[in-house]
Amino acid sequence: MKLQRGFLSALLVCFYASDTHAHSFNADGTHAGEPPSREAAPQQPNDVLQGLIDSAKVWEVEEDLTLCFMDGAIDTQEFFLQVVKDWENAAPGLTIDGTVNGAPRNCADEVTELRISFNQEGNWSYVGTDAEKIPAKEATLNIGTLTGPLTNRLRKRTRGSILHEFGHALGLKHEHQHPDSNCEAQLDWPTVYSAFEAFEVPWNKQKVDANIRPIIAKEIELTPYDRSSVMHYALPAKWFLQKTQATCYVEKANILSDGDKAIAAERYPATLEEQKEYFDRLIGNAATVAGSDKFNRKDRELFVEEFNAALPQSIINVSGNVSMSQSGGINVQGNVTDSAIIENFNGGALNLNGGAVSAND
Ligand SMILES: [Zn+2]
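Note that the structure is predicted; figures quoted are calculated from it, not measured.

The rules behind these values
- Residues numbered from 1 in each chain as written.
- Predicted model: local features only at pLDDT ≥ 70, side-chain atom pairs only at ≥ 80, totals over all residues.
- Helix = DSSP H or I, 4+ residues; strand = E, 2+ residues; numbered from the N terminus.
- Contact = placed C-beta atoms within 7 Å.
- Buried ≥ 20, exposed ≤ 12 C-beta atoms within 10 Å, placed from the backbone.
- Expected span 1.5 Å × (residues − 1).
- Bend = angle between axes of the 7 residues up to and from the residue.
- Pairing = 2+ DSSP bridges.
- Axes fitted to C-alpha atoms, helices over the stretch in contact; angles between N-to-C directions.
- Parallel < 35°, antiparallel > 145°, perpendicular 65-115°, else oblique.
- Left-handed = near helix turned anticlockwise from the far one by under 90°.
- Nonpolar A, V, L, I, M, F, W, Y, C, P; charged D, E, K, R; others polar.
- pLDDT = per-residue confidence, 0-100.

### As for the overall build of the chain
- Of regular secondary structure, the chain possesses 11 helices and 12 strands.
- A separation threshold of at least 6 residues defines the contact pool for the chain, and within that pool the share at least 24 residues apart is 76%.

Shown next as structure tokens:
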């Protein structure tokens, strides 16, 4: 059904970029892996909506986010919990509950919202609340590179991967896909495609695009591009036209950047009230773009349809609701408090009516 198209679970699969990113993926023996039964992120009707929906996949604050382990040694599980504590410390409204009586929780005893495995291929995670749509017997996040004795070296190598995948589990997107990253222009695409094609579990073009090309919803982005984010891929220099000179060429991050901490705090503020306000702003931004000249009437219709189909299923009960006027404008019922948006609306082809926003053709 058409309406469902925009609301399929997005699984972000992250290959393991080695800590010495100058090595090729083949050379260190690691590669992208994805369970064959899962699909890559679907194409969306427009980037605005995709950006909005992905951003809305956060967990509701004021309740603990629970996780259990499907497998793995106790010290590995404890290491995982210790690392993800960094996210918890950065986000006032986030409480991660992964233990029972002080010991890591076993999924065999209790099935929880997030289910962690170390046994499958690759490093991957479902995005935010998409995890709720996954059968209880299946993992929602996998760190395939954290196997064997937990040496200091292994801890060092996998810390960034855990933070990255858990960032997805919190609803965060790839930082290199930020519209201001300029990674797309800097990459040598034929090289990139053939490198992914050569993986043991190859990625097709569509999947590479979905994980690397920008998510173009520039106007709804609220945070600046952050090249030191743990959500940024550390791609090999030889994949870039300018090699090590490319600004998108980065060291693999092993700690949260200031930008990561800021975005965690923004998405997971102390109260539900603040969390809703944040999403009202996002909705206002998205409506601004959807109502702008870059979309024709058909695009707007699709936006309205998909928006209203998707948002009620979000864990956030946002106050936003979108409709289309006879003239083809987009109306948002909701509280838009962000002054920059209000300014845009009043200066452009949009009107504000008592806090509600409407867009004219
Ligand atoms: Zn990723």
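Moving on, there is more to tell.
### Let's talk about the environment of F80
- When you line up the elements, F80 lands in helix 3 (residues 74-90).
- Residue F80 is classed as buried on the basis of its 24 C-beta neighbours within 10 Å.
- F80 sits 79 residues away from R159 along the chain, and the two C-alpha atoms are 8.2 Å apart.
- Residues contacting F80, with those up to four places away along its chain left out, are I116 and I162.

### A word on helix 3
- For helix 3, spanning 17 residues, the distance from its first C-alpha to its last is 25 Å, which sits close to the expected 24 Å at 1.5 Å a residue.
- Bending of helix 3 peaks at approximately 25° at the position of V84.

### Thoughts on unusual backbone geometry
- Of note in this structure, E62 is not a glycine but carries a positive phi near 80°.
- One can find E62 in the loop between helix 2 (47-55) and strand 2 (65-69).
- For E62, a count of 11 C-beta atoms within 10 Å gives the class exposed.
- Even without a glycine there, the phi angle at N182 is positive, about 65°.
- Counting through the fold element by element, N182 comes out in the loop between helix 4 (152-169) and helix 5 (183-186).
- Accessibility expressed as a C-beta count within 10 Å gives 16 for N182, which makes it partly exposed.

### Here we look at helix 4
- In this model helix 4 runs 25 Å from its N-terminal to its C-terminal C-alpha over 18 residues, within 8% of the 26 Å that 1.5 Å per residue would give.
- Of all 18 residues making up helix 4, 13 are buried, and the element is well covered by its neighbours.

### Focus: the pairing of strand 2
- Across the 5 residues that make up strand 2, a large majority, 4, are buried.
- The pairing of strand 2 with strand 3 (residues 96-97) spans 2 bridges and is classified as parallel. Note on strand 3: the bridge partner recorded for T66 is D97.
- Alignment of strand 2 against strand 6 (residues 114-117), held across 3 bridges, turns out to be parallel. Across the sheet, L67 pairs through a bridge with L114, a residue of strand 6.

### Brief notes about the pairing of strand 6
- Summarising the sheet, strand 6 and strand 8 (residues 141-143) pair through 2 bridges and their orientation is parallel. Within strand 8, the position partnered with S117 by the bridge is N142.

### Considerations on the packing of helix 3 against helix 4
- At a minimum axis distance of 9 Å, the contact between helix 3 and helix 4 shows a crossing angle of 55°. Classed by the angle they form, the pair helix 3 and helix 4 counts as oblique. Crossing geometry of helix 3 relative to helix 4 is assigned as right-handed. Counted together, F79, F80, V83, V84, D86 and W87 of helix 3 and R155, R159, I162, L163 and F166 of helix 4 form the full contact between these two elements.
- Of the residues that constitute the contact of helix 3 with helix 4, the class distribution is 8 nonpolar, no polar and 3 charged.

### What to know about the environment of L235
- Positionally, L235 belongs in the loop between helix 7 (205-212) and helix 8 (258-267).
- For L235, a count of 24 C-beta atoms within 10 Å gives the class buried.
- Spatially, the C-alpha atom of L235 lies 10.0 Å from that of H176, the residues being 59 residues apart in sequence.

### With respect to the environment of N211
- Take N211: it is sitting in helix 7.
- Separated by 34 residues in sequence, N211 and Q177 place their C-alpha atoms 7.6 Å apart.

### Quick word on the confidence of the model for the chain
- When pLDDT is averaged along the chain, the result is 76; 72% of the residues meet or exceed 70.
- Of the regions scoring below 50 in pLDDT, residues 1-45 engages in 93 contacts with residues more than four places distant in sequence or in other chains.
- Here residues 340-361 is modelled with pLDDT under 50, and outside its nearest four sequence neighbours on either side it reaches 47 contacts, counting other chains as well.

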